[in-house]
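Working through the structure, step by step
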Amino acid sequence: MLKINNLHASVEDKSILKGINLEVKPGEVHALMGPNGSGKSTLASVIAGKEEYEVTEGNIIFEGEDIEELAAEERAHKGVFLSFQYPVEIPGVSVTNFMKTAINENRKAKGLKDMPAKEMLKLIREKSELLEIDRKFLSRSLNEGFSGGEKKRNEIFQMAMLEPKLAILDETDSGLDIDALRIVANGVNKLKSKDNAVIVITHYQRLLEYIVPDFVHVIYNGRIVKSGTAALAHELEEKGYDWIKEEVNA
Amino acid sequence: MDLKEKLVSSFLAFENHVDIDGYIHDVRSDAIKVFEEKGFPSKKEEDWKYTSLNSILKEDYSVFPKQENALDYKDIKKYFIHDIDTYKIIFIDGKYSSHLSQTTHDGIDVCLMSSALNKPKYQLIIENYFNKAATKDSLSSLNTAFSSEGAYIHIPKNKIVRKPIQILHFSTGNESATMLQPRNLVVVDENSHVQIVERHQSLTSNPVLTNSVTEIFANKRAIVDYYKIQNDNENASLIDNTFIKQKRESLASVHTFSFGGKLIRNNLNFYQEGERLDSTLKGITIIGDKQHVDHNTLVHHKEPNCESHQDYKGIFSDRSTGVFNGKVLVDKEAQKTNAFQANNNILLSDKASINTKPQLEIFADDVKCSHGCTIGQLDESAMFYMRSRGIPKKEAKALLMYAFSNNVLKSVKIPELKQRITNIIANKLGVNIGFDL
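Everything numeric here is computed off the predicted structure, so don't read it as measured data.

Within chain B, the regular secondary structure consists of ten helices and 20 strands. The C-alpha radius of gyration of chain B comes to 21 Å, within 12% of the 22 Å expected for a compact globule of 437 residues. Every one of the 437 residues in chain B was classed for burial, and the buried ones make up 51%. When contacts within chain B are restricted to residue pairs at least 6 apart in sequence, long-range pairs at least 24 apart make up 83% of them.

Attention shifts here to the interface of chain B and chain A. Each partner contributes to the interface: chain B provides 19 residues, whereas chain A provides 23 residues. Of all the elements in the fold, those that place two or more residues in the side of chain B that touches chain A are helix H8 (380–387) and helix H9 (393–409) of chain B. Along the lines of polarity and charge, the residues of the side of chain B that touches chain A split into ten nonpolar, four polar and five charged.

Our next topic: the confidence of the model for chain B. Should the pLDDT be low somewhere, the predicted coordinates at that spot are not to be read in detail. Overall, the prediction assigns chain B a mean pLDDT of 94, with 98% of residues at 70 or greater. Two numbers describe this predicted complex: its pTM, 0.88, and its ipTM, 0.96.

A separate point is the pairing of strand S10 (residues 223–231) of chain B. All names here are of chain B. In terms of burial, S10 is a largely internal element, eight of the nine residues being buried. Pairing of S10 with strand S12 (residues 251–260) involves nine bridges; the strand directions are parallel. Residue pairing across strands places Asp-225 opposite Ser-253, the latter belonging to S12.

Looking now at the environment of Glu-28 of chain A. All names here are of chain A. Mapped onto the secondary structure, Glu-28 falls in the loop between strand S2 (14–24) and strand S3 (29–33). Judged by C-beta crowding, with 18 C-beta atoms within 10 Å, Glu-28 ranks as partly exposed. With near-sequence residues (within four places) excluded, Glu-28 lies in contact with Ala-197, Asp-214 and Phe-215.

Attention now goes to the packing of H9 of chain B against helix H10 (residues 415–428) of chain B. Residue and element names in this part refer to chain B. Between H9 and H10, whose axes approach to 11 Å, the crossing angle comes to 150°. Overall, the two elements H9 and H10 adopt an arrangement that is roughly antiparallel. Where H9 crosses over H10, the handedness of that crossing is right-handed. In this structure, H9 uses Ala-398, Tyr-402 and Leu-409 to contact H10, whose residues at the interface are Lys-418, Ile-421, Thr-422, Ile-425 and Ala-426. In terms of residue class, the contact of H9 with H10 is made up of six nonpolar, one polar and one charged.

On to the sheet that holds strand S12 (residues 223–228) of chain A, then. Residues and elements named next belong to chain A. Taken in spatial order, the six strands of this open sheet run S6-S9-S10-S3-S11-S12, and their pairing is mixed. Here the strands that pair on one side only, and so sit at the sheet edges, are strand S6 (80–83) and S12. Averaged over all pairs of adjacent strands, the angle between their axes in this sheet comes to 20°, without regard to strand direction. In terms of strand pairing, strand S11 (residues 215–220) meets S12 through five bridges, oriented antiparallel. The residue of S12 that forms the bridge with Val-218 is Lys-226.

The rules behind the values
- Residues numbered from 1 in each chain as written.
- Chains lettered and ligands numbered in written order.
- Predicted model: local features only at pLDDT ≥ 70, side-chain atom pairs only at ≥ 80, totals over all residues.
- Helix = DSSP H or I, 4+ residues; strand = E, 2+ residues; numbered from the N terminus.
- Rg over C-alpha atoms; globule rule 2.2 N^0.38 Å.
- Buried ≥ 20, exposed ≤ 12 C-beta atoms within 10 Å, placed from the backbone.
- Contact = placed C-beta atoms within 7 Å.
- Nonpolar A, V, L, I, M, F, W, Y, C, P; charged D, E, K, R; others polar.
- pLDDT = per-residue confidence, 0-100.
- Pairing = 2+ DSSP bridges.
- Axes fitted to C-alpha atoms, helices over the stretch in contact; angles between N-to-C directions.
- Parallel < 35°, antiparallel > 145°, perpendicular 65-115°, else oblique.
- Left-handed = near helix turned anticlockwise from the far one by under 90°.

Spelled out as structure tokens, the structure:
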């Protein structure tokens, strides 16, 4: 589904990704871990198509197609979804209407007509129940004044609405209490299928107890320096990252 | 002969062809003297520092309306709010169009200034209100000197006018350049409500300059909502001079939607002459090319316990320019005044500019006055966020800009008008989304 080959990327001439290789197949869950500043969020943004980042070498193949030249919205239309570490507040645009616009723009890109209002409402109701989101919440301005947990739950709600092929969850667990974490993880698990894939970016093992990864990768200094199974996440939890840094720097 | 000389020398001829009534004759004669003395405002004047009239004054305008050019309703229907029942006062090239209008004298007067100025039954209202709110600045004086036609609206006490009143001015280009000077008077008596929508529309590319004066009197506990749609073509300019006098416990609002035209100057003045009243001034400006929109507002708080709310949003692209000059004057007697003013702007191009200048002059010591102005660019992180959800760049931009101006739109009380404005905004932003926010 996703194949990243020797990816180098920089922002304002500062090199951040220095040769990432990663392959994600349908049905898989990958966890990306690593210390702060190692390039995890940059990788997520580059896959999603943030324009500030410049790919200087390598490529990203999604569903057999090099997506480097595609705009963020075109990648979204192909089924890439990024759950933001810091969801952006958009005053004046309600959650519901943002979702309506997003769904219909995705349909338009596929040559489909707007989703009938009734169907849209049903979908919104269904998915908001999955994430245990209050109805009143849906008419509020997107992310404006939301608590950390509400923002993250809202991200997964959007994911549930859009049903992406590849979901990248960028530190979705940060700022969540245990109940919110459970709700979010439960939502992600319910959306998982043999046809889609998830990349979970996190510092901590905590989320991975709920969303169990097939593979765990450690990013350090712009490269994937270690890959393993869920057991690697446990090891990192116990020992921290220093031993990895030492291994790399040795 | 420049435009000023042409106007001054036309005055006698003008006075000869309108009926000369004692009171109005004196008012007009005084006004032409003021205009003759002051002339058109120049950039040397503080209030005109950022707006030059030079480019629009150089045209050779025809200053008297000639014979009416008939228009078919079906050709101009789109400029009306046509999906609800309304009163209509329609002018074509400055002349009243009876077949397009729908006026009334049934308990309220929604009719013509020309008949009000000439018929004895309106004399009392004219003498009490005509030219009693307008200031003696040069442009208002010029309008006063040539005042003969426009809308006359008098709502006696305890009347809730259910149908909005539309005032539309069309120009057909039957002169190579036309100057229009409509004069409106709106008197709303105790406990009465009225909603008015005004629009100026040029139908050809011939230059049009409109210098209009509207005087509005909101008497005790009256509610007046006035909406101005300024979406004219690129050769039409508008100088709108509006004066509102409010008596106690009245609510008056003016919404100004400026989306088109060559040059627009709004001189909007509120005078608070009673306690516990509320004035609202809101506007959305979305312009591009080399368009220029200038909002010059004044709220004069003269009595205690009153409020004023100003909220102007501006979005400027290409080489367009904007001005916001908002003055709030709080007299010593006007204790417990609450005055709010906000002016937020987005510049979408390096060549667009906005000059924004809040002016607060406060002589009372127990007041709440706030003002804030911002000038920013489009929020790039919000753009990426929306695009990552599959909303294309143009639509994402439009949605952000619509959301930015939505606060002003929210207070429009006529749903059909709100829908109309929403459509104009979507059209202006080049998108086809409902903005059902």
